[in-house]
Amino acid sequence: MTSDVVETGVNYAEMNLSELVKSLESLVSDEDRMKKFKEAEAIKTAFYKRLQKEKADAGLEVTATVEDVEADETEAVEAPSEVAVESPFAQIEAGFKELFNKYKKERAEFNRKLEQEREENLKKKQEIINDLKALVEGQDDVSEVFPQFREIQNRWRETGAVPAQNYRNINETYQLYVEQFYDKVKIN
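Residues numbered from 1 in each chain as written. Predicted model: local features only at pLDDT ≥ 70, side-chain atom pairs only at ≥ 80, totals over all residues. Heavy atoms only, no water.

**Here we look at the nonpolar core**
(1) Moving on: One finds Tyr12, Leu20, Leu24, Ile43, Phe47 and Phe96 to be the most contacted residues of the largest nonpolar core, which totals 21 residues.
(2) Moving on: Residue assignment for this core shows that the elements contributing at least two residues are helix H1 (17–29), helix H2 (37–57) and helix H5 (90–137).
(3) Moving on: Of all the elements, H2 adds the most residues to this core, at 7 residues.
(4) Moving on: The residues touching Leu24, leaving out its near neighbours within four places in the chain, are Ile43, Phe96, Leu99 and Phe100.
(5) Moving on: With 17 residues, the next largest nonpolar core counts Ile128, Ile129, Trp156 and Ile170 among its residues. (Core = buried A, V, L, I, M, F, W, Y, C linked by side-chain atoms within 4.5 Å. Buried < 20%, exposed > 50% of the residue type's maximum accessible area, 1.4 Å probe, protein only. Helix = DSSP H or I, 4+ residues; strand = E, 2+ residues; numbered from the N terminus. Contact = heavy atoms within 4.5 Å.)

**With respect to the packing of helix H6 (residues 142–158) against helix H7 (residues 164–187)**
(1) Moving on: Between H6 and H7, the least distance of the axes is 12 Å, while the angle of their chain directions is 160°. One finds that H6 runs roughly antiparallel with respect to H7. Once H6 is placed against H7, the crossing between them reads as left-handed. Here H6 contributes Val142, Val145, Phe146, Phe149, Arg150, Gln153 and Trp156 to the contact with H7, which in turn contributes Ile170, Asn171, Tyr174, Val178, Phe181, Tyr182, Lys184 and Val185.
(2) Moving on: Of the residues belonging to the contact of H6 with H7, the class tally is 11 nonpolar, 2 polar and 2 charged. (Axes fitted to C-alpha atoms, helices over the stretch in contact; angles between N-to-C directions. Parallel < 35°, antiparallel > 145°, perpendicular 65-115°, else oblique. Left-handed = near helix turned anticlockwise from the far one by under 90°. Nonpolar A, V, L, I, M, F, W, Y, C, P; charged D, E, K, R; others polar.)

Structure (structure tokens):
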């Protein structure tokens, strides 16, 4: 698959500018839009490739590349009247940029909240590990603490994802104490 064809099977390179804008509008209004960032990037790439081609075909000077546009995305989009006169494509480009930047800001906020949630889950899982460690190190009768162990396992499963950099370490620590608990069960 090329970069213009994403998982949806849509070939954005074959679309015209207005179809690409409509595709982005549709994506931005979709409920699952935060999961479709690759599709948004494919639409953006196809849009700017098509825009450059149509500008060149119309005999207009092609100044911006997709990389230039990516560098400009953090700047505010302004479409002065002389630009609109200069290029019939300026208005459609400004509208596309505004829509894409809106999506990009929303996605950044979504990712920030997701990372915050993962940090909270990490703290919860560390607390669960501390509870499990106390259970393993306690000298209680294993048959009495088994319901507590099951409850700890359920809390672990119910707690969501943690940051990727902590995933392996936290899971290995949890598994270590689970194994120690089962070793204690075998001994007793």
